[in-house]
Amino acid sequence: MEKAIKRYLPIFVLPTLIAFTVGFIAPFIVGIYLSFCKFTTITDAKVIGFSNYAKVFQDDTFVHSLWYTTLFTIITMVLINFLAFVVALALTKKIRGSYLFRTIFFMPNLIGGIVLGYIWSLLLNGILAYWSKTLTYNATYGFWGMVILLLWQQIGYMMIIYIAGIQNIPGELIEAAKIDGATKWQQLRYVTLPMLRSSITVCTFLTLTNGFKMFDQNLALTNGEPSEKSELLAMNIYTTFYGRPGWEGVGQAKAVIFFLIVGAVALTQNYLSRRKEVQQ
Amino acid sequence: MKNVKRFAALGMTAAMAVTALAGCGAASSSAGGATSAGAQSTTTKAAASTTKAASGSTASSAGKVYYLNFKPEQADQWVALAKKYTEETGVQVNVQTAASGTYEQTLKSEMAKSEAPTLFQVNGPVGLANWKDYCLDLKDTDVYKDLQSDDYALKDTDGSIKGIAYVIETYGIIYNKGLLGKYCQLDGAKIKDASEITSFDKLKEVADDIQAKKDALGVEGAFTSAGFDSSSDWRFKTHLANLPIYYEYKAENETSTAAIKGTYLDNFKKVFDMYITDATCEPTLLSGKTGDDAASEFALGEAVFYQNGTWAYNDIKGNEVADDDLGMLPIFFGVDDAKQGLCTGSENYWCINSKASADDIQATKDFLKWVVESDEGRKSLSTDMGFVTPFKTFSDYLPANPLVKAANEYNKDKTPVSWNFTTMPSEQWKNDLGSAMLEYAQGTGEWDAVKTAFVDGWAAEYKAAKS
């Protein structure tokens, strides 16, 4: 058995590996190379060393979007997980139409970010028009607009993961807790939550990286307006690359720094929340 | 088991993180930028259409033409013209149009493809600086020989011909003669005839009065919304900002500068103040207003004045405003109003991609020759697209565009304002200026920030562009 698996390993792995190399690894390496270059189109790059990286931190918009994104990520991560968990708890109780509700909550996730952003910009601008404001009036409006959008989009997805987790908890654990006289709250606190650790790991990981990498919703909802103040990191990289002639390399350098940040944050998160997982 | 899970999680983390970076790299290599960028403005991304070569007909050469068009207003006409050319010669011509305000980024991603545009355009000396390595010397081409004067060719520092202007345009303040005539009939109107508006002060007086009497006149405001969406902000950060630059260059007797002084910024402020106070909408709504919003406000007769150029005709025709009611005034600036004409110039230069294959270059040259010399091409450019061109071959082909007529009439005994915004140091300068203007307009910023963006920003960006 073991041998057979080894023999067929290349056949099963190769297609994915090739796709992964072409789609991710090669662009990734080219991307790192380009961050050390000056270029107009990526086919005529000239190596210039580290000066792109020096420019990154002289660029106020990058520093601004860095903390703006951090704040955004923290807020959406906490809110999405909390709300998704609450909804999941509610929809695993025996209530009428819970399957219908699950489907409805999950649906926003099936719509692309650009479309969502456009719909929400119409909705929110329509509401803000009562006060003669628009989403792009200042960066705070855009910030909360994006938070609302992302919550609406992602709660359903995380909810599904939590529901799966909750349904996986063996009935006898809850039953034993009940017999021992645990209250509803104690059941939740000492049985359900610890048993959901691995779901929490996955969900926090996904919301964390999604928040950091969010691009299309940002583009469609505020497009960084006003004055590039509502730009998240990914969008800042994009506008640097495409919006400023001569700054393509700087945009690429930002992308490399972005990669390091997202990688470091995600690994740390993974390490921290894995430690507390319960093995079944 | 635990280890396997941990390993899987690590792998997943790495994969996700790599995706983050590859996402950016991939956008540039696969040139997905064009499509994703299109979503940021509400303007149409013209359907890109490939016209198939008529099989087996008189295929003269193996070359193909790929034209990356700058003007969304004329997207459909270019596609139709390309189709005609293909039917006639069998040469494949592909026309794509970048969404409004996204030409540079579309060009950048398209140029990195193996099937790069063979024909593209730059907007003047500053745009050329970025693309000159890709521009073929057009000295020996027929289109260059057809030019009325060398002034319409874009030259590099070494004197080679890198770009050829193909359209001359004029902008100013478009007004609705019908509505303005109606205003003159009102009690206590400041003027009795549109021709009395000959200075900024008069225009301002009239605009203020129209704004006050907008209900009696049945309009929403004197001026259309000065929207700062990317489909509209260039009307102010580029076109309106041309005037202080024009007058300063004139006063200093120069054609470009490393450091602008901003002598005429007070006039600039007065005009801009008029645009945002005597308007169809609250200034706090400007950040979301698009170019389409302004065009439709004017076309539906909700506003009397509309700062834009002759190219806007395609967007406003066929609505409430009759062609006979279209008039044009200069953007009075309070400096030399009696002599100042409308702003006339070009920021549309054709360039041929020097890195394309020899066959494709030849095909592109032939296509351009056909466009400016054949009856079909000349008819399409002048009548369908409404262009005034700088080519000798067009003497019998004048556009039917009423805005062009109105502009020519006004400019007859005036000095046209030249287009100096092609010397603005960078796109970034314009963006910074636009942001500062928006913040000032909606009340979240001071006018001083506009001055800083204009004067200090110029020096900084000029230096950055030269380094």
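Bear in mind the structure is a predicted one, so any value in this text is a computation, not a measurement. (Residues numbered from 1 in each chain as written. Chains lettered and ligands numbered in written order. Predicted model: local features only at pLDDT ≥ 70, side-chain atom pairs only at ≥ 80, totals over all residues. Heavy atoms only, no water.)

Trainee: Would you mind going over the environment of G49(A) in detail, with residue names and values included?
Mentor: Residue and element names in this part refer to chain A. As for its placement among the helices and strands, G49 is situated in the loop between strand 2 (46-47) and helix 2 (51-58). Remark: the alpha-carbon pair of G49 and P245, spanning 196 residues in sequence, is separated by 18 Å. The contact partners of G49, leaving out residues within four places of it in the chain, are S35 and F36. (Helix = DSSP H or I, 4+ residues; strand = E, 2+ residues; numbered from the N terminus. Contact = heavy atoms within 4.5 Å.)

Trainee: Report on a nonpolar patch on the surface, specifying residues and quantitative values.
Mentor: All names here are of chain A. Taken together, the side chains of I5, Y8, L9, I11, F12, V13, L14, L17, I18 and V22 define a hydrophobic patch exposed on the protein surface, amounting to about 990 Å² of accessible area. Locating I11 in the fold gives a position in helix 1 (residues 2-34). A relative accessible area of 54% places I11 in the exposed class. (Patch = residues over 30% accessible without salt bridge, like charges linked within 9 Å, V, L, I, M, F, W, Y side chains within 5 Å. Areas by Shrake-Rupley, 256 points an atom, 1.4 Å probe, with all protein chains shown as cover. Salt bridge = Lys/Arg side-chain N within 4 Å of Asp/Glu carboxyl O. Buried < 20%, exposed > 50% of the residue type's maximum accessible area, 1.4 Å probe, protein only.)

Trainee: Please give an account of the packing of helix 1 of chain A against helix 12 (residues 248-274) of chain A that cites residues and values.
Mentor: Residues and elements named next belong to chain A. The geometry of helix 1 relative to helix 12 is characterised by a closest axis approach of 8 Å and an angle of 125° between their N-to-C directions. The orientation of helix 1 relative to helix 12 falls into the category oblique. In the packing of helix 1 onto helix 12, the handedness of the crossing is left-handed. Along its contact with helix 1, which presents F28, G31, I32 and L34, the element helix 12 presents G249, Q252, V256 and F259. For the contact of helix 1 with helix 12, the per-class residue count stands at 5 nonpolar, 3 polar and no charged. (Axes fitted to C-alpha atoms, helices over the stretch in contact; angles between N-to-C directions. Parallel < 35°, antiparallel > 145°, perpendicular 65-115°, else oblique. Left-handed = near helix turned anticlockwise from the far one by under 90°. Nonpolar A, V, L, I, M, F, W, Y, C, P; charged D, E, K, R; others polar.)

Trainee: Give a detailed account of a positive patch on the surface, specifying residues and quantitative values.
Mentor: A contiguous patch of positive charge on the surface is contributed by K93(A), K94(A), K178(A) and K184(A). Tracing the chain through its elements places K94(A) in the loop between helix 3 (60-92) and helix 4 (98-106). (Lys, Arg positive; Asp, Glu negative; His and termini not counted. Charge placed at Lys NZ, Arg CZ, Asp CG, Glu CD.)

Trainee: For the packing of aromatic side chains, give the residues involved together with the corresponding values.
Mentor: For the structure shown, the criterion picks out 54 aromatic pairs over all chains. When the ring of W131(B) is compared with that of Y134(B), the centres are 5.3 Å apart and the planes differ by 70°; the resulting orientation is edge-to-face. Overall, the relative accessible area of 0% leaves W131(B) in the buried class. On the basis of an interplanar angle of 10° and a centroid distance of 5.9 Å, the ring pair of Y247(B) and F333(B) is categorised as stacked. Of this pair, Y247(B) sits in helix 11 (residues 242-252) while F333(B) is found in the loop between strand 10 (326-329) and strand 11 (340-345), placing the two residues 86 residues apart along the sequence. Aromatic ring contacts, followed pair by pair, group F223(B), F228(B), F236(B), F268(B), F272(B), Y275(B), F305(B), W429(B), Y440(B), W447(B), F454(B) and W458(B) into a single cluster. When the ring centre of Y137(A) is taken as origin, the NZ or CZ atom of K133(A), which lies over that ring, is 4.8 Å away. In this arrangement the basic side chain of R189(A) is found over the ring face of Y190(A), its NZ or CZ atom lying 5.1 Å from the centre. (Phe/Tyr/Trp six-rings, centres within 6.5 Å; stacked < 30°, edge-to-face > 60°. Lys NZ or Arg CZ within 6 Å of the ring centre and 35° of its normal.)

Trainee: I'd love a proper account of the pattern of salt bridges, names of residues and values included.
Mentor: Residues and elements named next belong to chain B. A full pass over the atoms with the stated rule returns 20 salt bridges over all chains. With a shortest N-O distance of 3.9 Å, E115 and K64 are connected by a salt bridge. A residue pair is termed long-range when its members are at least 10 positions apart, and E115 in the loop between helix 4 (103-111) and strand 4 (119-122) and K64 in the loop between strand 1 (49-50) and strand 2 (65-69) qualify at 51 residues. For K64, a relative accessible area of 28% translates into the label partly exposed. The salt bridge involving D208 is made with K204; its shortest N-O contact spans 3.4 Å.

Trainee: Would you mind going over the domain arrangement of chain B in detail, with residue names and values included?
Mentor: Residues and elements named next belong to chain B. Annotation of chain B at the domain level lists domain 1 (44-168 + 346-390) and domain 2 (171-343 + 413-466). Taken over C-alpha atoms, the centre of domain 1 sits 30 Å from the centre of domain 2. Approximately 1,000 Å² of surface area, both sides summed, lies buried where domain 1 meets domain 2, with 47% of it carried by carbon and sulfur atoms. Counting the surface domain 1 buries against domain 2, the share from its top three residues, E73, V126 and E347, is 42%. Taken together, domain 1 and domain 2 are joined by 0 residue pairs in polar contact (both at pLDDT 80 or more). (Domains from an automatic or database assignment. Buried area = accessible area lost by both parts, 1.4 Å probe. Polar contact = N/O pair within 3.5 Å; in protein donor to acceptor, adjacent residues only side chain to side chain.)

Trainee: If you had to explain the state of the cysteines to someone new, which residues and values would you point to?
Mentor: The bond known as a disulfide is covalent and runs between the sulfur atoms of two cysteines. All names here are of chain B. Taken as a whole, this structure holds 0 disulfides over all chains when the rule is applied. Cysteine C135 is unpaired, with the sulfur of C351 as its nearest cysteine sulfur at 3.8 Å. The class for C135 is buried, based on a relative accessible area of 3%. (Disulfide = S-S within 2.5 Å.)

Trainee: Outline the environment of A356(B), listing residues and values.
Mentor: Residues and elements named next belong to chain B. Secondary-structure assignment places A356 in the loop between strand 12 (349-352) and helix 15 (358-373). A relative accessible area of 17% means that A356 is categorised as buried. Considering only alpha carbons, one finds A356 and S114, 242 residues apart in sequence, at a separation of 9.1 Å. Apart from the residues lying within four places of it in its own chain, the contact partners of A356 are T118 and I361.

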